[in-house]
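Survey of secondary and tertiary structure
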Amino acid sequence: MRQLFELIPIILFFIAYKMSGETISIMGYTHTLDGIFSATAVLMIASTIQMALTLAIDGKIKTSHLWLYALVIVAGSATIYLRDPAFIKWKPTVFNWGMAVVLYGSLFMSKKSILERMLGSQLNLPQMAWKKLNQLWIGNFLIVGALNLYVAYNFSENAWVDYKLYSAFGFTVLLIVLTMVIMMPYIKNQDKNNQTKL
């Protein structure tokens, strides 16, 4: 459910882009949607509301979400102000490659990866499993970032917007499934051990 909540700004970006040319009225204000620029404004507004709701519900915002939000605001503002969609197209790549660098760099700063520090209190996995998970997540972020640029510069803007929505769902589901594949053998062993103790 949390993943779906996190995808709402992307879904609204997609809807606003597809409504290009249509005129909407909200509280007496009329606006004709103009493709990527209106969609970017919707993404920025939806992201701001999402951050406020997250803070209100959880009482805090994860660092990765703050970084993503900052990128949305900076790239979105540049896109709208300069009327250049390249900025918003680069945003997913900058975020994903940045996450890959942070995950990789954390291995040199601590004995535990960021994933292990975040999830280690909930999951008791051997170091090999944590290493595999870290490699999987780094690989995911690198591939997603590279594919974003490939689609952005080799296909139409419309195709990139479609890709942005569907890849967000697809890669999220794939990452969850592969993460579970790596963790399941160890979780099953822990369950067996817990049952034996009873």
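The paragraphs below set out a description of the structure included in this document. This is a predicted model, so every value here is computed, not measured.

On to the pattern of salt bridges, then. On inspection of all chains with the given rule, the structure shows two salt bridges. For the salt bridge of Arg83 with Asp34, the shortest nitrogen-to-oxygen distance reads 2.9 Å. Remark: Asp34 occurs in the loop between β2 (29-32) and α2 (36-58) and Arg83 occurs in the loop between α3 (63-82) and α4 (86-109); sequence separation between them is 49 residues. The class of Arg83 is partly exposed, set by a relative accessible area of 46%.

The next point concerns the packing of aromatic side chains. By the definition in use, this model includes six aromatic pairs. Ring plane angle 70° and centroid distance 6.0 Å describe the contact between Tyr150 and Phe155, whose orientation is recorded as edge-to-face. Given a relative accessible area of 47%, Tyr150 falls into the partly exposed group. Assessed through its relative accessible area of 44%, Phe155 is described here as partly exposed. The ring of Phe13 has Lys164 sitting right over it, with the charged end atom 5.7 Å from the ring centre.

Moving on, we come to a nonpolar patch on the surface. Taken together, Trp67, Trp90, Val94, Trp97, Leu142 and Tyr153 make up a surface patch of nonpolar side chains, about 560 Å² in accessible area. Among the secondary structure elements, those contributing two or more residues to the nonpolar patch are α4 and α6 (127-154). A per-element tally of the nonpolar patch places α4 first, with three residues. Assignment of secondary structure puts Trp90 in helix α4. Overall, the relative accessible area of 35% leaves Trp90 in the partly exposed class.

Once that is clear, we can look at the pairing of strand β1 (residues 23-26). Examined bridge by bridge, β1 and β2 share four bridges and lie antiparallel to one another. Opposite Thr23, over in β2, you have Thr32 as the bridge partner. If you look at the hairpin formed by β1 and β2, you'll find two residues sitting between the two strands, and Met27 has a positive phi there, around 50°.

Turning our attention to the environment of Leu33. With respect to the secondary-structure elements, Leu33 resides in the loop between β2 and α2. When the C-alpha positions of Leu33 and Gly76 are compared, they lie 16 Å apart, and in sequence the two are 43 residues distant. When sequence neighbours within four positions are dropped, the list of residues in contact with Leu33 reads Ala16, Met19, Ser20, Gly21, Glu22, Ile24 and Ser38.

With respect to the secondary-structure elements, Ser38 resides in helix α2. Side-chain polar atoms of Ser38 contact the side chain of Asp34, separated by 2.5 Å.

This next bit is on the environment of Leu103. Residue placement: Leu103 occurs in helix α4. Linking Leu103 and Ile114, residues 11 residues apart in sequence, is a C-alpha distance of 6.3 Å. Those residues in contact with Leu103 that sit more than four places away from it in its chain are Ile114, Leu115, Asn134, Trp137, Ile138 and Phe141.

So, about α3. Compared with an ideal rise of 1.5 Å per residue, which puts 20 residues at 28 Å, α3 spans 28 Å between its outermost C-alpha atoms and is within 8% of the ideal. Every buried residue of α3 is accounted for by His65, Leu71, Val72, Ala75, Gly76, Ala78 and Thr79. For α3, the angular spread of buried residues about the axis comes to 165°, placing them on one side. Turned more than 90 degrees away from the buried face of α3 sit Thr63, Val74, Tyr81 and Leu82, all of them exposed. One or two steps after α3, the chain reaches Arg83, where phi turns positive at roughly 55°.

Attention now moves to the environment of Ala168. Among the secondary structure elements, Ala168 is positioned in helix α7 (residues 157-197). Remark: the alpha-carbon pair of Ala168 and Ile10, spanning 158 residues in sequence, is separated by 8.2 Å.

Bringing the packing of α3 against α4 into the picture now. Between α3 and α4, the least distance of the axes is 8 Å, while the angle of their chain directions is 160°. The angle between α3 and α4 places the two elements in the roughly antiparallel class. Both α3 and α4 take part in a crossing whose hand is right-handed. Note on element contacts: α4 touches α3 through Phe87, Ile88, Lys91, Val94, Phe95, Gly98 and Met99, opposite Ser64, Trp67, Leu68, Leu71, Val72, Ala75, Gly76, Ala78, Thr79 and Leu82. Its residues assigned to classes, the contact of α3 with α4 comprises 12 nonpolar, four polar and one charged.

What counts as what
- Residues numbered from 1 in each chain as written.
- Predicted model: local features only at pLDDT ≥ 70, side-chain atom pairs only at ≥ 80, totals over all residues.
- Heavy atoms only, no water.
- Salt bridge = Lys/Arg side-chain N within 4 Å of Asp/Glu carboxyl O.
- Helix = DSSP H or I, 4+ residues; strand = E, 2+ residues; numbered from the N terminus.
- Buried < 20%, exposed > 50% of the residue type's maximum accessible area, 1.4 Å probe, protein only.
- Phe/Tyr/Trp six-rings, centres within 6.5 Å; stacked < 30°, edge-to-face > 60°.
- Lys NZ or Arg CZ within 6 Å of the ring centre and 35° of its normal.
- Patch = residues over 30% accessible without salt bridge, like charges linked within 9 Å, V, L, I, M, F, W, Y side chains within 5 Å.
- Areas by Shrake-Rupley, 256 points an atom, 1.4 Å probe, with all protein chains shown as cover.
- Pairing = 2+ DSSP bridges.
- Contact = heavy atoms within 4.5 Å.
- Polar contact = N/O pair within 3.5 Å; in protein donor to acceptor, adjacent residues only side chain to side chain.
- Expected span 1.5 Å × (residues − 1).
- Arc of directions from axis to C-beta.
- Axes fitted to C-alpha atoms, helices over the stretch in contact; angles between N-to-C directions.
- Parallel < 35°, antiparallel > 145°, perpendicular 65-115°, else oblique.
- Left-handed = near helix turned anticlockwise from the far one by under 90°.
- Nonpolar A, V, L, I, M, F, W, Y, C, P; charged D, E, K, R; others polar.

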